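# Summary of the model geometry
Here's the letter readout for the chains.
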Amino acid sequence: MSEDITTPDTQKPDRQAPETTASTQATVTQPAAQRSANLLRSGFGRNLGLVIALVVLCIVGVITAGDTFATGANVLTILRLAAVIGVVSVGMTFVITGGGIDLSVGAMVALASVWATTLATQQLAADYHWLFMVTTALVVGAACGLVNGLLVAYGKIVPFIATLAMLAAARGLAEIISDRKTQIITVNSFVDFFGGSLIGVPVLVWIFLLVAAAGWVVLNRTTFGRRTFAVGGNAEAARLAGIKVQRHTVALYVLAGLCCGIAAVMLMARTTTGSSTHGQLYELDAIAAVVIGGTLLSGGRGTIVGTVIGVLIFTTLNNVFTLNNLSISAQSVAKGAIIVVAVLLQQRLAARTTSS
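These remarks concern the structure in this document. (Residues numbered from 1 in each chain as written. Predicted model: local features only at pLDDT ≥ 70, side-chain atom pairs only at ≥ 80, totals over all residues. Heavy atoms only, no water.)

### Quick look at the overall build of the protein
- Within the protein, the secondary structure is distributed over 15 helices and four strands.
- Expressed as a percentage of contacts within the protein between residues at least 6 apart in sequence, the contacts between residues at least 24 apart total 77%.
- About 18100 Å² of surface is accessible on the protein, with carbon and sulfur atoms providing 67% of the total. (Helix = DSSP H or I, 4+ residues; strand = E, 2+ residues; numbered from the N terminus. Contact = heavy atoms within 4.5 Å. Areas by Shrake-Rupley, 256 points an atom, 1.4 Å probe, with all protein chains shown as cover.)

### Structural notes on the environment of Ala125
- Mapped onto the fold, Ala125 is located in helix H5 (residues 119-127).
- With near-sequence residues (within four places) excluded, Ala125 lies in contact with Trp130, Phe132, Met133 and Val187.

### Observations regarding unusual backbone geometry
- You will see that Arg180, though not glycine, has its phi angle at about 60 degrees, which is positive.
- Position of Arg180 relative to the elements: it lies in the loop between helix H7 (159-178) and strand S1 (183-184).
- On the basis of relative accessibility, which here comes to 68%, the residue Arg180 falls in the exposed class.
- For Leu281, which is not glycine, the phi dihedral falls at a positive 65 degrees.
- With respect to the helices, strands and loops of the structure, Leu281 is situated in the loop between strand S4 (273-274) and helix H13 (282-293). (Buried < 20%, exposed > 50% of the residue type's maximum accessible area, 1.4 Å probe, protein only.)

Quick look at the structure:
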């Protein structure tokens, strides 16, 4: 009788074992899939996707352009070309992350380059030090950014309109100062310093790396960066939290203007000129690089690393097109397609994040 009683008890776990195993597997599998999805939505996942895209683009360059693309000289050319627009894009990242936009960056670069290469400025630089030219460019860029910030923060003008007005005004002022003529830099010490190399790498590339590193630290490791995310995510909530939103907005545009001043110095060194035509369409290239990098146009999320990779992607794309003798029009079409795809992916990613 005791055997009859114990036999069902020992068989019961055997009948339930398959159900328990299936439930356990489902429980283990679901978090694993969720972790994979979270990884793809994370900053690391987005940056990894950008790196893969850049590698694929380089492979295309090697296949189509052969040894001409895969040379050290060509790599340095790509980095040198990416340096100027890269510095502008770092400043643009801060502005867009803070919920704004700046359409005047190209015009500010032009105005800073013209003002820093006038005869009076170059004479002071020749008599004393080329730092006079650098300081002039930085001050002009920061001053233009200050005007933008005041118009947006205290004038309550929509950033698109305020910076569009600065675009027209700065470009026009640059034409007036230069009389629509290209101003040649005669201060050799300036050209020698910024046109030189350090450990085989152009000084312009080192400047880009320093600006990007400083931007990453400020955006991710300082109170200023946390306030930028807060203001861009929800300005009213940031104000209620004690953040002085208007003052911070002005600071963001000044920072963008300062980056334009640095870019003007770099462009002056690369071309040995100051011109009202400098910086044409820089605003579009900078916004494109920032969006490709993963910064939300609506604000609240930004990444310096993504912006740097975005700049490299566009510069490499231009290089591949140039080496294959493709037209500028084709480059523009490719850029437009990439921007559209990036924005669509951002919207889909944001929708998935919200639903989860």
